[in-house]
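Survey of secondary and tertiary structure
Chain by chain, the residues:
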Amino acid sequence: PPYFPISEKRCDGTFLVQTRLPDGRLSIIVDPGAWTNLAGGRWVRGMAVKAAQHNKMPDQVKLNKPLDVQGVGHGTQSAQWAARMPIAVTDREGQTKEQTFEVPTLEGEGGADVPALLGLRSMRAKNAILEMAPGKECLTFPGEGGYKIDWSPGTVHLPLTVAPSGHYVIPCDSYAQLNQT
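A short tour of the structure in this document, coming up. Bear in mind that the values here come from a model prediction, so they are computed numbers and not experimental data.

Scanning the model with the defined rule gives eight salt bridges in all. For Lys-50, the salt bridge identified is with Asp-173, shortest N-O distance 3.1 Å. Of this pair, Lys-50 sits in helix 2 (residues 41-52) while Asp-173 sits in the segment after strand 11 (168-171); the two residues are 123 residues apart in sequence, bridging distant segments of the chain. Taking the relative accessible area as the measure of exposure, Asp-173 reaches 8% and is therefore buried. Among the ionic pairs, Glu-98 bridges to Lys-56, the shortest N-O distance being 3.0 Å.

This is how it looks when you write it as structure tokens:
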């Protein structure tokens, strides 16, 4: 079934609780081990509610072919729909910008609680660099000039936060800061 209209149901699945930030911010797990982006319906609905509170409207499309995945949730999961979520991320320089997170969405007993994953395919498409120096964790998307030790103009550095589960996550619900930067 379609995900919208959006219900007010909170993202409180067991797996989501473990990967959720203690301060309640919604986030996306940086997961280069996942081939593609993926999220459970509870994360999608929770993010959609938060976005709508700031007049940002998500969209969804029915997939031409269901996406079957294993290794997340329980057993084999199938995504029938993909969401286009407006997200608000703050870079290392403190500027918050709106981006779009396109994500196949899982439902059902084993899939609805899957947290949002930023997969390898999306990171490869943007030539992402994952920096893991303690205290300087960052996911960087180089500008058109590529990268060297000195980052080129247009480079975007997204600071990472460590979730209680130990996963690197990108906080992505900074809507209130969109008009402040």
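Bringing the sheet that holds strand 2 (residues 39-40) into the picture now. Taking strand neighbours across the sheet as the criterion, the four strands line up as 2-5-4-3 in an open arrangement whose pairing is mixed. The sheet terminates laterally at strand 2 and strand 3 (59-70), the two strands that pair on one side only. Across eight bridges, strand 3 lies against strand 4 (residues 76-90) in antiparallel orientation. Residue pairing across strands places Asp-59 opposite Arg-84, the latter belonging to strand 4.

Our focus in this paragraph is the environment of Thr-76. Here Thr-76 shows up in strand 4. Placed 34 residues apart in sequence, Thr-76 and Gly-110 show a C-alpha to C-alpha distance of 8.3 Å. Residues within four places of Thr-76 in sequence aside, it is in contact with Asp-68, Val-69 and Gln-70. Here Gln-70 takes part through its side chain, which lies 2.9 Å from a polar atom of the side chain of Thr-76.

Now for the sheet that holds strand 11. Strand order across the open sheet formed by four strands is 6-1-11-10, with mixed pairing between neighbours. On the outer flanks of this sheet lie strand 6 (117-118) and strand 10 (161-162), each paired with one strand and no other. The pairing of strand 10 with strand 11 spans two bridges and is antiparallel. Considered in strand 11, the bridge of Thr-161 is made with Val-169.

Within the secondary structure layout, Asp-91 lies in the loop between strand 4 and strand 5 (96-106). Lys-97 provides the closest opposite charge to the buried, unpaired Asp-91, separated from it by 4.7 Å. A polar side-chain atom of Asp-91 sits 3.0 Å from the main-chain amide nitrogen of Glu-93. Excluding residues within four positions of it along the chain, Asp-91 makes contact with Val-156, His-157, Leu-158 and Pro-159.

As a rule of thumb, non-glycine residues mostly have phi less than zero, and peptide bonds are mostly trans rather than cis. For Asn-55, which is not a glycine, the phi torsion comes out positive at approximately 60°. Phi at Asn-127 is positive, roughly 50°, even though this residue is not glycine. When you line up the elements, Asn-127 lands in the loop between helix 3 (120-125) and strand 7 (129-131). For Asn-127, a relative accessible area of 53% corresponds to the exposed category.

What follows deals with the pairing of strand 11. With three bridges connecting them, strand 1 (residues 27-30) and strand 11 associate as antiparallel partners. In the sheet register, Ser-27 faces strand 11, and the bridge partner there is Pro-171. Linking strand 10 to strand 11, which pair antiparallel, is a turn of five residues; within it Gly-166 sits at a positive phi near 95°.

Here the focus is the environment of Ala-51. By secondary structure assignment, the location of Ala-51 is in helix 2. Counting along the chain gives 36 residues from Ala-51 to Ile-87, while the straight-line C-alpha distance between them is 7.4 Å.

As judged from the two bridges shared by strand 2 and strand 5, these two strands associate in the parallel manner. Residue pairing for strand 5: Gly-40 is matched across the bridge by Leu-106. Remark: five residues form the turn of the hairpin made by strand 4 and strand 5, two consecutive strands paired antiparallel; Gly-94 in that turn has positive phi of roughly 90°.

Reading the values: rules and limits
Residues numbered from 1 in each chain as written. Predicted model: local features only at pLDDT ≥ 70, side-chain atom pairs only at ≥ 80, totals over all residues. Heavy atoms only, no water. Salt bridge = Lys/Arg side-chain N within 4 Å of Asp/Glu carboxyl O. Helix = DSSP H or I, 4+ residues; strand = E, 2+ residues; numbered from the N terminus. Buried < 20%, exposed > 50% of the residue type's maximum accessible area, 1.4 Å probe, protein only. Pairing = 2+ DSSP bridges. Contact = heavy atoms within 4.5 Å. Polar contact = N/O pair within 3.5 Å; in protein donor to acceptor, adjacent residues only side chain to side chain. Lys, Arg positive; Asp, Glu negative; His and termini not counted.

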